[in-house]
Amino acid sequence: MAIIVQKFGGTSVGSLKRIEAVAEQIIKTKNQGHQVVAVLSAMSGDTNRLLNLAKQLDANPSPRELDMLLASGEQVSISLLAIALIKRGYSAVSLLAAQIGLKTNNRFNKARILDIDTTRMLTELQQGHIVIVAGFQGCDDEGNITTLGRGGSDTSAVAIATALHAKECQIYTDVDGVYTTDPRVDATAKKLDHITFDEMLEMASAGAKVLQNRAVEYAGKHKMPLRVLSSFSDGSGTKIEFSEQSVASHPVSAITAHQDEAMLSLVGIAEHGRVIAMLFNELANADIEVDMIVQTALSAEKINLNFTVHRNVYQQAQLIVAGLNNVVQIDALSGNDRLVKISAIGNGMRSHTGVAASMLSALYDAGIEVYLISTAEIKISVLVKQQDLTSAVQVLHTKFELNAKK
Ligand code: ADP
Ligand code: ASP
Ligand code: MG
């Protein structure tokens, strides 16, 4: 008898009606002879509602207490699902992360999973029970409740599936698979039956929130079979393939958009080696992740530096730069926190050239201004204005012939 882990996201458990539909879905899998472990998100909107409550009391709430609060959303959905299953005559047990020994480090709000004790889950499964686990949460060494970052239930599901040696980890969501771009941004997006692991990883880290990037990373590390499907309709969804990438005929497989980007620009930095080392050290000490970095020469002695951070930490980064400007010489500082990053991703880039040129000329022809460009082996990203997000995605989606044939 194989174990299947099924994760249901917020919209999938967004109402009692939806919870009943999820119960039916789980019963179907159980009746096919599988042992089922369901991992749930909070009901849609709940995590945001809780976050908003905390922020009304304090713009920067205590990270520990915030995790204590946010983790409560999942406790509601798992117990409701267990109630719905029991009512239907199926024995089910809901469990919090601490009850399955899901240990994380102590980095509140973005904790990483260290270990899972499978004893309780396996005992429940052996007794024929359906196990329902709260996603998104964990527990540190001292017994504090932690959370895994927004969208973290995907990672909970993959980690639990890995610990249980499940046959497959199925991520049920509100779209029927992974598309060539977010179908809500471009209605011509095409569903992909398969996607390579490398492409999925780049997509997830470049803004395709259909899977949390850590979940993809975790699946890759442990070769856990992963599939994205709809909880609203039948279908085989999208399978993430770990096999070596085939030779792609198209250079680009998908376009993604990453919201909430902010850019800081430092013009005319003297003694730049020392200043840049100081700057990035201070940003790292403040736990600020830097994404794109572009350095250009201004003169023989001076350089310009542009880098991007998440919009949430823009002000914090600005303070660090301003503080640095008191001790070193920078001619001018500026920034923009209304930007987004658009990326083209494809294994085909390994064998095709000229992708950046096509991308930049398509954006130029559409009158879209590009602030920064960065390239990686199978990804090219550009930073554009927030208001250009939809048109940039659509222009590139068309340019690389990803539209579904009508
Ligand atoms: P859940 O609550 O189930 O975790 P999410 O909202 O986190 O669901 O992720 C699903 C959403 O991801 C979809 O509704 C879709 O708008 C968005 N999305 C972004 N990029 C893609 C893509 N390439 N393919 C499919 N969905 C995508
Ligand atoms: N409920 C959490 C969130 O909204 C985790 C998740 O849904 O994956 O981010
Ligand atoms: Mg999600």
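The rules behind each value
- Residues numbered from 1 in each chain as written.
- Chains lettered and ligands numbered in written order.
- Predicted model: local features only at pLDDT ≥ 70, side-chain atom pairs only at ≥ 80, totals over all residues.
- Heavy atoms only, no water.
- Near = heavy atom within 4 Å.
- Polar contact = N/O pair within 3.5 Å; in protein donor to acceptor, adjacent residues only side chain to side chain.
- Areas by Shrake-Rupley, 256 points an atom, 1.4 Å probe, with all protein chains shown as cover.
- Nonpolar A, V, L, I, M, F, W, Y, C, P; charged D, E, K, R; others polar.
- Pairing = 2+ DSSP bridges.
- Helix = DSSP H or I, 4+ residues; strand = E, 2+ residues; numbered from the N terminus.
- Core = buried A, V, L, I, M, F, W, Y, C linked by side-chain atoms within 4.5 Å.
- Buried < 20%, exposed > 50% of the residue type's maximum accessible area, 1.4 Å probe, protein only.
- Contact = heavy atoms within 4.5 Å.
- Axes fitted to C-alpha atoms, helices over the stretch in contact; angles between N-to-C directions.
- Parallel < 35°, antiparallel > 145°, perpendicular 65-115°, else oblique.
- Left-handed = near helix turned anticlockwise from the far one by under 90°.
- Arc of directions from axis to C-beta.

## Here's the deal with the site of ligand 2
Okay, so step 1: The local shell around ligand 2 consists of Ser41, Ala42, Thr47, Glu74, Phe136, Arg150, Gly151, Gly152 and Ser153.
Okay, so step 2: Here a nitrogen atom of ligand 2 and a side-chain polar atom of Glu74 are 2.8 Å apart.
Okay, so step 3: Arg150 has a polar side-chain atom sitting 2.7 Å from an oxygen atom of ligand 2.
Okay, so step 4: For ligand 2, whose free accessible area comes to 260 Å², the fraction covered by protein is 86%.
Okay, so step 5: Split by residue class, the shell around ligand 2 holds two nonpolar, five polar and two charged.

## Some words on the pairing of strand 17 (residues 372-376)
Okay, so step 1: Pairing geometry for strand 17 and strand 18 (residues 379-385), over five bridges, is antiparallel. Its bridge partner lying in strand 18, Ala376 is registered against Lys379.
Okay, so step 2: Hairpin connection, strand 17 to strand 18: the antiparallel pair is bridged by two residues.

## A word on the nonpolar core
Okay, so step 1: Val5, Val37, Met121, Ile160, Cys169 and Met200 are the most contacted members of the largest nonpolar core, which has 50 residues in total.
Okay, so step 2: When residues of this core are assigned to their parent elements, the largest contribution, five residues, is made by helix 6 (residues 153-163).
Okay, so step 3: Those residues within four positions of Met121 in sequence are excluded, and the remaining contacts are Val37, Ile100, Ile116, Val131, Val133, Ile160 and Leu164.

## Thoughts on the packing of helix 6 against helix 8 (residues 213-222)
Okay, so step 1: Two numbers describe how helix 6 lies on helix 8: the axes approach to 8 Å, and their chain directions differ by 15°. With respect to helix 8, the element helix 6 is oriented roughly parallel. Where helix 6 crosses over helix 8, the handedness of that crossing is left-handed. Contact with helix 6, carried on its side by Asp154, Thr155, Val158, Ala159 and Thr162, involves Arg214, Ala215, Tyr218, Ala219 and His222 of helix 8 and no other residues of that element.
Okay, so step 2: Class assignment for the residues of the contact of helix 6 with helix 8 results in five nonpolar, three polar and two charged.

## Details of the site of ligand 1
Okay, so step 1: Close to ligand 1 lie 17 residues, the nearest being Thr173, Asp174, Tyr179, Asp182 and Arg184.
Okay, so step 2: In this structure, an oxygen atom belonging to ligand 1 sits 2.8 Å away from a side-chain N or O atom of Asp174.
Okay, so step 3: Here Lys209 contributes a side-chain N or O atom positioned 3.1 Å from an oxygen atom of ligand 1.
Okay, so step 4: Burial of ligand 1 by the surrounding chains reaches 89%, relative to a free accessible area of 570 Å².
Okay, so step 5: Looking at side-chain class alone, the shell around ligand 1 contains seven nonpolar, five polar and five charged residues.

## A word on the sheet that holds strand 15 (residues 303-310)
Okay, so step 1: If you walk across this open sheet you meet the six strands as 14-15-13-16-18-17, and the pairing is antiparallel. Each edge of the open sheet is held by one strand with a lone partner, namely strand 14 (293-297) and strand 17. Averaged over all pairs of adjacent strands, the angle between their axes in this sheet comes to 25°, without regard to strand direction.
Okay, so step 2: For strand 14 and strand 15, the ladder comprises five bridges, and the chain directions are antiparallel. Residue Thr296 lies in a different strand from strand 15, and its bridge partner there is Asn304.
Okay, so step 3: Seen against the sheet, helix 12 (residues 389-399) touches strand 13 (254-269), strand 16 (330-345) and strand 18 and runs at an angle of roughly 115° to strand 13.

## Considerations on the environment of Ile86
Okay, so step 1: In this structure, Ile86 sits in helix 4 (residues 72-87).
Okay, so step 2: Using a relative accessible area of 48% as the deciding quantity, one classes Ile86 as partly exposed.
Okay, so step 3: A C-alpha to C-alpha distance of 9.5 Å links Ile86 and Ala23, two positions 63 residues apart in sequence.

## Observations concerning helix 3 (residues 63-70)
Okay, so step 1: Within helix 3 the residues assigned to the buried category are Leu66, Asp67 and Leu70. For helix 3, the buried positions fall inside an angular range of 100° around the axis, keeping them on one side.

## Section: unusual backbone geometry
Okay, so step 1: Here the phi dihedral of Asn109 falls at roughly 75°; this positive angle occurs in a residue that is not glycine.
Okay, so step 2: Its location among the elements puts Asn109 in the loop between strand 4 (103-104) and strand 5 (113-115).
Okay, so step 3: Given a relative accessible area of 29%, Asn109 falls into the partly exposed group.
Okay, so step 4: Although it is not a glycine, Asp287 adopts a positive phi angle of roughly 65°.
Okay, so step 5: Inspection of the secondary structure assignment puts Asp287 in the loop between helix 9 (272-285) and strand 14.
Okay, so step 6: On the basis of relative accessibility, which here comes to 40%, the residue Asp287 falls in the partly exposed class.

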